[in-house]
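Chain and residue survey
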Amino acid sequence: MPRAAGRMEERVAERLRGALGPFGFEVHAFKVGWYNAVLQPAFHLPYPDDTLAFVVLSTPSMFDKALKPFLNKERLKIIRDPVDQCVSHHLSRVKEKFPDQKVDIIFDYEILPSRKPKFLAQTAAHVAGAAYYYQRKDVKLDPWGKKKIYGVCIHPKYGGWFAIRGLLLFPDIQVLFLKQSVPVDCVSTEEKRIELLEQFNYHWQDGRYRDIIEVKEKYSEEQKAYFATPPAERFRLLGLRPEKHISLSDMAP
């Protein structure tokens, strides 16, 4: 039977931060109902509204704290995207911290048979208060007409220099009184929001949108070079010997 939690979410959050924080990850709590309330039923998470969940972000330090050590240790076992495999490794180990709890994990790269993503990452980050999801509806005088404009999350500390990696859900923990954190609106002017969305939609490859605000930390030059390097050459860039059977196909997060 699901348990109603008083300060249970704080204890869970503390344990998660202890497990993931040293590897460059952030976790932010939310209730499934907050996420489902802003989406069409096709995208709803199949859990009761008060179910405790966490969105997991990778920060710029994840490259040195998690990915490089993982590649160095596990490179002979890497058979798919190394970033995805590294994230999967660390999030899956979280279950060991909760031997008496059911923990469900949904990764950002997972899709449904319909080819839809299993969850909408940027929406989850917004409702959890982790990063503000800027969309064209946030621009009062929309200059784009019938053009398709995609939204983008901006973190108050890292700007666009982060990635949303997955969800951790605790089906047996119901948090009726969890208070929702509002994401920081750090791109607050109309002009800057237009600039952000245009840079993201039309010039995303140059990464300028990531610096739409003054950031406290960003990807290192080595990390930028890693993601800008053709996949087959990335191991050599880090001073590791590539193996013939390793497949690297990830793009910069």
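Each remark here, short or long, concerns the structure printed above.
Residues numbered from 1 in each chain as written. Predicted model: local features only at pLDDT ≥ 70, side-chain atom pairs only at ≥ 80, totals over all residues. Heavy atoms only, no water.

Now for the overall build of the protein chain. Within the protein chain one finds eight helices and seven strands. By the burial criterion, 50% of the 253 residues in the protein chain qualify as buried. In the protein chain, once contacts between residues fewer than 6 apart in sequence are set aside, the share between residues at least 24 apart is 74%. Surface exposure of the protein chain reaches about 13300 Å², of which carbon and sulfur atoms provide 53%. (Helix = DSSP H or I, 4+ residues; strand = E, 2+ residues; numbered from the N terminus. Buried < 20%, exposed > 50% of the residue type's maximum accessible area, 1.4 Å probe, protein only. Contact = heavy atoms within 4.5 Å. Areas by Shrake-Rupley, 256 points an atom, 1.4 Å probe, with all protein chains shown as cover.)

Bringing the nonpolar core into the picture now. With 58 residues, the main nonpolar core has Leu-168 and Phe-170 as its most contacted residues. For Leu-168, the residues in contact, after removing those within four places along its chain, are Leu-16, Leu-20, Leu-52, Ala-53, Phe-54, Val-56, Leu-91, Val-94, Val-103, Asp-104 and Ile-105. Of all hydrophobic cores here, the second largest spans 16 residues; its members include Tyr-132, Trp-144, Val-187 and Leu-197. (Core = buried A, V, L, I, M, F, W, Y, C linked by side-chain atoms within 4.5 Å.)

Across the seven residues that make up strand β2 (residues 25–31), a large majority, six, are buried. As defined by bridge partners, β2 adjoins strand β3 (residues 51–58) across seven bridges and the pair is classed as antiparallel. Counterpart to Phe-25 in the pairing with β3 is Ser-58. (Pairing = 2+ DSSP bridges.)

A word on the pattern of salt bridges. All told, the structure shown has 13 salt bridges when counted by the stated rule. In this structure, Lys-102 engages Asp-104 in a salt bridge whose closest nitrogen and oxygen atoms are separated by 3.2 Å. Of the charged contacts, one joins Arg-136 and Asp-142 as a salt bridge, the two residues approaching to 2.7 Å between their closest N and O atoms. Residue classification places Arg-136 among the partly exposed residues on the basis of a relative accessible area of 22%. Each of Arg-7, Glu-9 and Glu-10 takes part in salt bridges that share partners, so that together they form one network. (Salt bridge = Lys/Arg side-chain N within 4 Å of Asp/Glu carboxyl O.)

With that settled, the discussion passes to helix α4 (residues 82–94). End to end, α4 covers 19 Å across 13 residues, agreeing with the expected 18 Å (1.5 Å per residue, within 8%). Counting buried positions over the 13 residues of α4 gives ten, a clear majority of the element. For α4, the full list of buried residues reads Pro-82, Val-83, Asp-84, Gln-85, Cys-86, Val-87, Ser-88, His-90, Leu-91 and Val-94. (Expected span 1.5 Å × (residues − 1).)

The residue Arg-115 is not glycine, and still its phi comes out positive at about 80 degrees. Classification of Arg-115 as exposed rests on a relative accessible area of 65%.

When two helices pack together, their arrangement is given by the angle between the helix axes and by the axis-to-axis distance. Relative to each other, helix α3 (residues 62–74) and α4 sit at 100 degrees, their axes nearing to 10 Å. In terms of orientation, α3 and α4 fall into the roughly perpendicular class. Across from Met-62, Ala-66, Leu-67, Phe-70 and Leu-71 in α3, the residues of α4 making contact are Pro-82, Val-83, Gln-85, Cys-86, His-89 and His-90. When the residues that make up the contact of α3 with α4 are grouped by side-chain class, the tally is eight nonpolar, three polar and no charged. (Axes fitted to C-alpha atoms, helices over the stretch in contact; angles between N-to-C directions. Parallel < 35°, antiparallel > 145°, perpendicular 65-115°, else oblique. Nonpolar A, V, L, I, M, F, W, Y, C, P; charged D, E, K, R; others polar.)

Bringing the side chain of His-90 into the picture now. Structurally, His-90 is set in helix α4. In contact with His-90, not counting residues within four places along its chain, are Leu-20, Phe-23, Phe-25 and Ala-66.

Helix length check: helix α1 (residues 8–20), at 13 residues, gives a terminal C-alpha distance of 18 Å against a target of 18 Å (1.5 Å per residue), a fit within 8%. Buried residues of α1: Met-8, Glu-9, Val-12, Ala-13, Leu-16, Ala-19 and Leu-20, and no others. Relative to the axis of α1, the buried residues are bounded by an arc of 130 degrees and lie together on one face. Structural note: α1 exposes Glu-14 and Gly-18 on the side pointing more than 90 degrees away from its buried face. (Arc of directions from axis to C-beta.)

With that settled, the discussion passes to the state of the cysteines. Formally, a disulfide is one covalent bond, and it connects the sulfur atom of one cysteine to the sulfur atom of another. Taken as a whole and assessed by the stated rule, the structure comprises zero disulfides. Between Cys-186, a free cysteine, and Cys-153, which holds the nearest cysteine sulfur, the sulfur-to-sulfur gap is 9.9 Å. Looking at Cys-186, the relative accessible area reads 23%, which means it is partly exposed. (Disulfide = S-S within 2.5 Å.)

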